[in-house]
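# Coordinates in review
In case you want the letters, here they are:
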Amino acid sequence: MRVVHTASELRGPALRPARRSGDRPSRAVVMTMGALHEGHLALVRAAREAADEVVVTIFVNPLQFDDAEDLDTYPRTLDEDCALLEPLGVDVVFAPGVEEVYPGGPPVVTVSAGRIGEVFEGAHRPGHLDGVLTVVCKLMHLTQPDLAFFGQKDAQQLIAVRTMVRDLTMGVEVVAVPTVRDADGLALSSRNVFLTAPQRAQALILSEAVMAADAAARAGADLDEAVSAAQAALAREPGVALDYLAALDPVTAEGLDGDYRGEAVIAVAAHVGETRLIDNVVTRIGPLLG
Ligand code: PAF
């Protein structure tokens, strides 16, 4: 496994030229901000199974932080991250510094998530998804992948990336990997390390809420009833400060009406103490047609 820090090292010996002639995709990328956990490793394993060459990027992207303190305190654990990646057969870790990614300072030209960046996560974290898409676009150019793996846990980010790849004809296949959870249901997140034991117990209500919505939908509930089931769960934990609980269209991230039928993302975001957490489940409202 080679660990490189600059674009020229990446272009040089680290990356073999993309080989698109075989029947396997040549190169897969997994983009991360480090502080790796089993959720990231699931992305890497899926990438390793799918492609000849796996590149993992580790870059804490200042553009996507709406809070300077959050950026400063975000865990940076490159050595530990590399120790987790090496046994998985990763070929290249690209861990650039901020000056390498944004050599002229904050970029003048950026990618806009458009309407996707204005609803739910976007409404609560203005500019966040634009910052994500800008760095994802740059990292796509730098790593030249055939496949890019993203976690379902960041549902709106996944929708935004898919939409960018489609709208800007980026020629990369985006692969979604299911959320990895602790045994008690808590979705893995690099931010979980900030939770005290009592806060971690409170945070469980997020997964319980989205699972309650999923269970209700599977039992035949309509959208409003499914969302109400999640609301009822959240009401049991007043210590959790809700940002939003919503049903999203899995392609556009628009909020869904009560009479909607089809696949829906039930998404929740909340603060537990100082820590902001998100979770979601992809469910189906109404019977499968056809
Ligand atoms: O999901 C993340 O860790 C980040 O948003 C990403 C995709 C690596 C972009 O910085």
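What you see is a predicted model; the values in this text were computed from it and never measured.

## Concerning the environment of G255
Take G255: it is sitting in the loop between β7 (240-248) and β8 (262-272). For G255 and T169, which are 86 residues apart along the polypeptide, the C-alpha to C-alpha distance reads 26 Å. Excluding residues within four positions of it along the chain, G255 makes contact with F120 and A247.

## Description of the sheet that holds strand β2 (residues 27-32)
Backbone hydrogen bonds hold the strands of a sheet together, and the pairing may be parallel or antiparallel. Strand order in the open sheet formed by 6 strands is β1-β4-β3-β2-β5-β6, with parallel pairing between adjacent strands. Every interior strand has two partners, whereas the edge strands, β1 (2-4) and β6 (173-177), have only one. With strand direction ignored, the average angle separating the axes of adjacent strands in the sheet is 25°. Running at roughly 155° to strand β5 (residues 147-151), helix α2 (residues 38-50) makes contact with β2, β3 (53-58), β5 and β6 of the sheet. Packed onto the sheet, helix α8 (residues 155-167) meets β5 and β6 and runs at close to 165° relative to β6.

## Here's the deal with helix α7 (residues 128-143)
Spacing of three or four residues puts side chains on the same side of an α-helix, whose turn is 3.6 residues. A rise of 1.5 Å per residue sets the reference length of α7, with its 16 residues, at 22 Å; its end C-alpha atoms lie 22 Å apart and thus fit the reference within 8%. Positive phi shows up at Q144, right after α7, with a value of about 50°.

## Overview of helix α9 (residues 197-218)
With 22 residues, α9 should cover 32 Å at 1.5 Å per step; its first-to-last C-alpha distance of 32 Å lies within 8% of that length. Within α9, the full set of buried residues consists of Q199, A203, L204, I205, L206, S207, A209, V210, A213, D214, A216 and A217. Those residues of α9 that are buried lie in contact with α10 (223-235), β7, β8 and β9 (275-285).

## Here's the deal with the site of the ligand
In the vicinity of the ligand, the contacting residues are M31, T32, M33, N61, Q64, V132, V135, F150 and Q157. The side chain of Q64 places a nitrogen or oxygen atom 2.6 Å from an oxygen atom of the ligand. Residue Q157 places a side-chain N or O atom 2.7 Å away from an oxygen atom belonging to the ligand. At the level of secondary structure, the elements contributing two or more residues to the shell around the ligand comprise β2 and α7. Of the residues that constitute the shell around the ligand, the class distribution is 5 nonpolar, 4 polar and no charged.

## Here's the deal with the packing of α9 against α10
Interaxial distance between α9 and α10 falls to 7 Å at its minimum, and their mutual angle equals 150°. In terms of orientation, α9 and α10 fall into the roughly antiparallel class. Crossing geometry of α9 relative to α10 is assigned as right-handed. Touching I205, E208, A209, A212, A213, A216 and A217 of α9 are A226, A229, A230, A233 and L234, all from α10. Among the residues making up the contact of α9 with α10, the classes are represented as 11 nonpolar, no polar and 1 charged.

## A short note on the packing of α7 against α8
To describe two helices that pack against each other, one gives the angle between their axes and the distance between the axes. Where α7 meets α8, the closest approach of the two axes is 10 Å, and the angle between their N-to-C directions is 50°. The orientation of α7 relative to α8 falls into the category oblique. The handedness of the crossing between α7 and α8 comes out as right-handed. When α7 is examined against α8, the residues L129, V132, L133, V136, C137 and M140 are found in contact with a partner set consisting of Q156, Q157, A160, V161, M164 and V165. Residue classes in the contact of α7 with α8 are distributed as 10 nonpolar, 2 polar and no charged.

What counts, and where the lines are drawn
- Residues numbered from 1 in each chain as written.
- Predicted model: local features only at pLDDT ≥ 70, side-chain atom pairs only at ≥ 80, totals over all residues.
- Heavy atoms only, no water.
- Helix = DSSP H or I, 4+ residues; strand = E, 2+ residues; numbered from the N terminus.
- Contact = heavy atoms within 4.5 Å.
- Pairing = 2+ DSSP bridges.
- Axes fitted to C-alpha atoms, helices over the stretch in contact; angles between N-to-C directions.
- Expected span 1.5 Å × (residues − 1).
- Buried < 20%, exposed > 50% of the residue type's maximum accessible area, 1.4 Å probe, protein only.
- Near = heavy atom within 4 Å.
- Polar contact = N/O pair within 3.5 Å; in protein donor to acceptor, adjacent residues only side chain to side chain.
- Nonpolar A, V, L, I, M, F, W, Y, C, P; charged D, E, K, R; others polar.
- Parallel < 35°, antiparallel > 145°, perpendicular 65-115°, else oblique.
- Left-handed = near helix turned anticlockwise from the far one by under 90°.

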